[in-house]
Amino acid sequence: MTPHSDRVRGLLSGMTREEKLAQLRIVYRPALADAIELARGGIGAVFWPQSAAATNALQRAAVTQTRLGIPLLVGLDVIHGQRTIYPTPLGLAASFDPELARRCAALAAREARSGGVNWTFAPMVDVSYDPRWGRVVEGFGEDVLLTSVLGRATIEGFQGDDLARDDAIAATAKHFVAYGASEGGRDYNTAEVSTHRLRNVYLEPFRHAVDAGAAAVMASFNTVGGVPVHIHRPLLTGVLKEEWGFDGIVVGDADGVPNLLAHRVAGDLAVALQLAHEAGLDVEMGGSGSTVDPQDLARIDPARVDDAVGRILSLKERLGLFDAPYVEEPVEIVGPTAQARSLVREAAGHAAVLLENDGTLPLRQDARLLLAGPYATSSDLLGAWTQSFAAPAGSVADEMVDRCGPDRVAVLPGTGFFDIDEPGIEEAAEAAKSVDVAVVFVGEPSTISGEAASRSDIRLPGAQERLITRIAATGTPTVVVIVTGRPLDVTAWIDDVAAAVVVWHGGTEAAAAIVDVLLGTVDPAGRLPMSFPRSVGQIPIHYAHENTGRPPRVRGFLDEETIDVGVHGPDNLSDKFTSKYLDDELGPRYAFGHGGGYGRFVYDSPTVSSATLTLDQLINGMTFDVSIGLENIGDRTADDVIMVFVEDPVSRQAPPVRRVVAFERMTLEPGERREASFSLGQDALATWFTDVEPPRREIEPGELVVHIGPRLDRTQSLSVVIDA
Ligand code: GLC
C-alpha cells in the first residue's frame, strides 16, 4: 500500500466519522440543484453534470461550502469516446492495434477532462465466450492476452503519466470478476467458475490492469462460488488488495449494494453496505436513490473506513483536485476537432474484418450500386454506451452518394431492423437486377447491444436475412456489411454472398470509414476478437478450449449408425464417441483471429533464437526470440496481423489447445519485406497452476509448440524445449 501524503493523513485525522462515511459514496442525481445539495453534504463523488460550468458549480459547493473543502471525484462512463466516438471496445479489439486503442482513449480523456470528468468507469476487461451477452460489445473479446494488452493500452491512454494533467482521467478496470461467464449469457446472472479458470482467464486482465496502474476497479454484479462479488472478501481484499497490492479504489457497480438484498445475502441495506465495505468495497455506487443513509453504518470497522477514505483522498490528490479543483470553462471541448474525426475514422477502418471476399471488394470505381438494408440509411452507428452529447454519425448512403455521385448509387433499405413482413424486400430485389453490385447493410441497432441486452438468438433480427437471400438470389454480386455489437450467427446466408465485412458500431466517423473500406482506400485487415458461432447452440465457444479426452476429428450426423459393442467390439472409440454435436459441423463458423484484408502476403519459415532454454534462464530474463519474414506481394499498401500461439503437448493440468502469447499488426508497402519478431519469456509462457494452494503462476519444463502466422488456421510451427 502506497503511504498516504501528509495532506491526506492530516485530513483523515481531522475528519469526523460522518465526514468519512460521506466520502464512501457516488450518487447519480440528474438535477444539478440536487447534486449541489449532496456536494454541500460532503459526498465524495458525483456523476458528471454534463458541462464544465455545472461541474465547477459542484466543485465550488464542495470546496467552499463544507468544513474541510474536499473536492469531488466526478465520474462518467466514458467507454469509447466522450464527444467524438470511436469504435466500441469489441470493434477496437478487432484492430489488434494497442497503440490505436491508447490514442483513442487519450482523445476521450482529453475531451472528458476538459468538461470536468476526472474518473471514467472503463475499460471493461471481462473476457467472455458468450455472444448472447450484450456486454461483449464493451469488452475486448474471448482472448486473455488481447483483452489484457488492450485493457492496459486503454488505461495508459486514459491516465497518461500524470493524473493531474488536464487531459487525464482516472481509469476503472471492470467488472471484477468473471461477469463475462454469466450463465446463459443472461446479464447479471450467476457465474460458476473454477479457481483454475478464474486464475488463467478472468483474473488475468485485471492483474494486468492493476499492473498498468488502474486507479480504480469496479466490482461486478454476479456471484462467484455463490458469493456476490460485492461482498467477496477473498477476491476484493485477498486477491486484489493483498496479493496484488492494489492501492486504488474499489467501487461498487450501480446499486450493486442494494442488489445484495435480491441476492438474498443481506436482510437490509445497512447490513448490505457493512458487508460490502468490510469485504473491501471502498465506494458504494448508488443509482437513482437507493443508497444508504451513512448514519446506519455505525458498525463498520473504523480502520476499514479509514483505509477506504485514505484511498479516495489519495486518488483526489493524484488527480490534482486539492490544488486545482476547477476546469477552464472556455476551453471545454464540446465537439470533434478535425484531428479527432481523423483518428476515429482511422480506428473504424482498422476495426473492419473481412469475413469473405471473392474479389468483389473493393468495389470498382465505375460500378453501379444498390445500397439496401436498414443500415444503408440509419445513422445509428455510435453503439452502446454513448451519451446524448456525443457527436452523431452520418449515414452510409449519404456518404456513398457524396463520394460516388447520385447516378451510380440507388438506395432502397428494403426492410427495417425488426420488420417481419416487409414488402420493400421485393422492390429492393427487383432493383438489384439492374446494378453491378448490391451492398446490403444489416445488423443490430445499438438498442439491442450493451448492458441488459442479452439475446437468445444471435441471428440478424427481423427480415434482414430474407432481404440478403432475396437480393443474392437475383444473381447480382451481393456484398453484406454487418454493423453489430456482438458476433452473430450468419450461417443462413453467408454462403450466398460474394463478400461480407464486419464493421461493428464504428462511431462518429463510421459511415466514412465503411465507404473507405468498400472503395478500397482503407484495408479491412482486422481480425475477429471473438468467435462467430455456427448457431447459438454452440455457445459457449472459443478457440483456447481444452482438448478433452475425446477430441472430435469429424462432425456428427443425425443418421448415425448405432454402435453395438457386442457387434462392433471394443472399437467403439471411433469418431462417434467424441465431443461434438450430431447436427452441426465442428467449430465456429469463423474462429477467433479470422480475417485478412485486401493485401496479399507470403511468409518465410519461422525461426527461433534457441531451441532450448532452461527454467533458470527464462526466470532470469532470457527469451525464445521467434521471427517470421513476410512480404507484401500485392499492388497496394496493406496491413497484416501476425499472431504467435503456444501449444503445450503435455502439462500437469489440461492445457488449452492453443493460446495467443503475442501479436503485432503491421503495414507494408507493395513489395516490402518485413521481419516480425517476438520475444517469448517467462511472462508469456507462464501458466497459473491451481493444483497448489495458493495458486502459482509458473513455467512448466518440457516441450512447447510455437505456432506463428496471420490467422489461427494459417500458422507454421516450430518446437522449443524448456529444460528443468
Ligand atoms: C452500470 C454498469 C457499469 C457502469 C455503471 C455506471 O450498471 O454495470 O458498467 O459503469 O452502471 O453507469
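A few points on the structure. (Residues numbered from 1 in each chain as written. Predicted model: local features only at pLDDT ≥ 70, side-chain atom pairs only at ≥ 80, totals over all residues. Heavy atoms only, no water.)

1. A word on the site of the ligand
Right, on to step 1. Residues in contact with the ligand, as listed here, are D77, F121, R135, K174, H175, M218, F221, D253, A254, M285, W385 and E451.
Right, on to step 2. In the model, an oxygen atom of the ligand is placed 2.7 Å from a nitrogen or oxygen of the K174 side chain.
Right, on to step 3. Measuring from an oxygen atom of the ligand, one finds a side-chain N or O atom of D253 at 2.6 Å.
Right, on to step 4. For the ligand, the accessible surface in isolation is 310 Å², of which the surrounding protein chains cover 91%.
Right, on to step 5. Looking at the shell around the ligand, its residues break down into six nonpolar, one polar and five charged. (Near = heavy atom within 4 Å. Polar contact = N/O pair within 3.5 Å; in protein donor to acceptor, adjacent residues only side chain to side chain. Areas by Shrake-Rupley, 256 points an atom, 1.4 Å probe, with all protein chains shown as cover. Nonpolar A, V, L, I, M, F, W, Y, C, P; charged D, E, K, R; others polar.)

2. Let's talk about the sheet that holds strand β21 (residues 638-647)
Right, on to step 1. Spatially, the five strands line up as an open sheet ordered β19-β27-β26-β21-β22, and their pairing is mixed. Looking at strand neighbours, the two that pair on one side only are β19 (612-614) and β22 (659-668), the edges of this open sheet. Across this sheet, the average inter-strand angle for adjacent strands is 25 degrees, counted without regard to direction.
Right, on to step 2. Across eight bridges, the pairing between strand β26 (residues 702-711) and strand β27 (residues 714-723) is antiparallel. For R711, the partnering residue across the bridge sits in β27 and is R714. (Pairing = 2+ DSSP bridges. Helix = DSSP H or I, 4+ residues; strand = E, 2+ residues; numbered from the N terminus. Axes fitted to C-alpha atoms, helices over the stretch in contact; angles between N-to-C directions.)

3. Quick look at helix α12 (residues 269-279)
Right, on to step 1. Along α12, the positions that sit buried rather than exposed are A270, A272, L273, Q274, A276, H277 and A279.
Right, on to step 2. Of the surrounding secondary structure, the elements contacted by the buried residues of α12 are α10 (233-243), α11 (259-262), β10 (284-286) and α13 (302-318).
Right, on to step 3. Put simply, D268 is the residue that caps the front of α12, since its side-chain oxygen is 2.9 Å from the backbone nitrogen of A270.
Right, on to step 4. Downstream of α12 by a residue or two, G280 has a phi angle that is positive, lying close to 130 degrees. (Buried < 20%, exposed > 50% of the residue type's maximum accessible area, 1.4 Å probe, protein only. Contact = heavy atoms within 4.5 Å.)

4. Things to note about the packing of helix α7 (residues 144-159) against helix α9 (residues 204-211)
Right, on to step 1. Interhelical geometry of α7 versus α9 gives an angle of 25 degrees and a closest axis separation of 9 Å. Put simply, α7 runs roughly parallel to α9. As α7 packs across α9, the resulting crossing turns out to be right-handed. Contact with α7, carried on its side by V144, T147, S148, R152 and I155, involves E204, P205, H208, A209 and D211 of α9 and no other residues of that element.
Right, on to step 2. For the contact of α7 with α9, the residue count by class is four nonpolar, three polar and three charged. (Parallel < 35°, antiparallel > 145°, perpendicular 65-115°, else oblique. Left-handed = near helix turned anticlockwise from the far one by under 90°.)

5. Quick word on the sheet that holds strand β3 (residues 73-76)
Right, on to step 1. Pairing within the open sheet is parallel, and its five strands lie in the order β4-β3-β2-β1-β10. Looking along the sheet, the strands with just one partner apiece sit at the ends: β4 (119-120) and β10.
Right, on to step 2. Sheet topology places β3 next to β4; two bridges connect them, and they run parallel. Directly across from G75, in β4, lies its bridge partner W119.

6. A look at the packing of aromatic side chains
Right, on to step 1. Across all of its chains, the model carries 16 aromatic pairs by this definition.
Right, on to step 2. Ring plane angle 55 degrees and centroid distance 5.9 Å describe the contact between F96 and F592, whose orientation is recorded as tilted. One end of the pair, F96, is in the loop between α5 (89-94) and α6 (98-114); the other, F592, is in the loop between α20 (565-568) and β17 (601-603), with 496 residues separating them in the sequence.
Right, on to step 3. Classification of F96 by relative accessible area gives buried; the value is 1%.
Right, on to step 4. Relative accessible area serves as the criterion here: at 1%, F592 is assigned to the buried category.
Right, on to step 5. Their ring planes at 80 degrees and their centres at 5.9 Å tell us that Y543 and F645 sit as a pair that is edge-to-face. One end of the pair, Y543, is in the loop between α19 (510-519) and α20; the other, F645, is in strand β21, and 102 residues separate them in sequence.
Right, on to step 6. Judged by its relative accessible area of 6%, Y543 is buried.
Right, on to step 7. Its guanidinium or amino end placed over the ring of W385, K174 lies 5.4 Å from that ring's centre, counting from NZ or CZ. (Phe/Tyr/Trp six-rings, centres within 6.5 Å; stacked < 30°, edge-to-face > 60°. Lys NZ or Arg CZ within 6 Å of the ring centre and 35° of its normal.)

7. What about the side chain of T360?
Right, on to step 1. Positionally, T360 belongs in the loop between β11 (353-357) and β12 (369-372).
Right, on to step 2. Setting aside residues no more than four positions away along its own chain, T360 makes contact with V437, P477, V479 and A498.

8. What to know about the pattern of salt bridges
Right, on to step 1. Per the counting criterion, the structure on display carries 49 salt bridges.
Right, on to step 2. One salt bridge connects D307 with R311, and the closest N-O pair in it is separated by 3.2 Å. Of the two residues, D307 and R311 are both situated in helix α13; the distance of four residues between them amounts to about one turn of the helix.
Right, on to step 3. D307 gets classed as partly exposed once you look at its relative accessible area, which sits at 23%.
Right, on to step 4. For R311, a relative accessible area of 5% translates into the label buried. (Salt bridge = Lys/Arg side-chain N within 4 Å of Asp/Glu carboxyl O.)

9. Brief notes about the packing of helix α3 (residues 32-40) against helix α4 (residues 52-64)
Right, on to step 1. Where α3 contacts α4, the two axes come as close as 7 Å, and the packing angle between them is 25 degrees. In terms of orientation, α3 lies roughly parallel with respect to α4. The chirality of how α3 crosses α4 is right-handed. Residues L32, A35, I36, A39 and R40 of α3 lie in contact with α4, whose contacting residues are A54, A57, L58, A61 and A62.
Right, on to step 2. Here the residues of the contact of α3 with α4 are counted per class, giving nine nonpolar, no polar and one charged.

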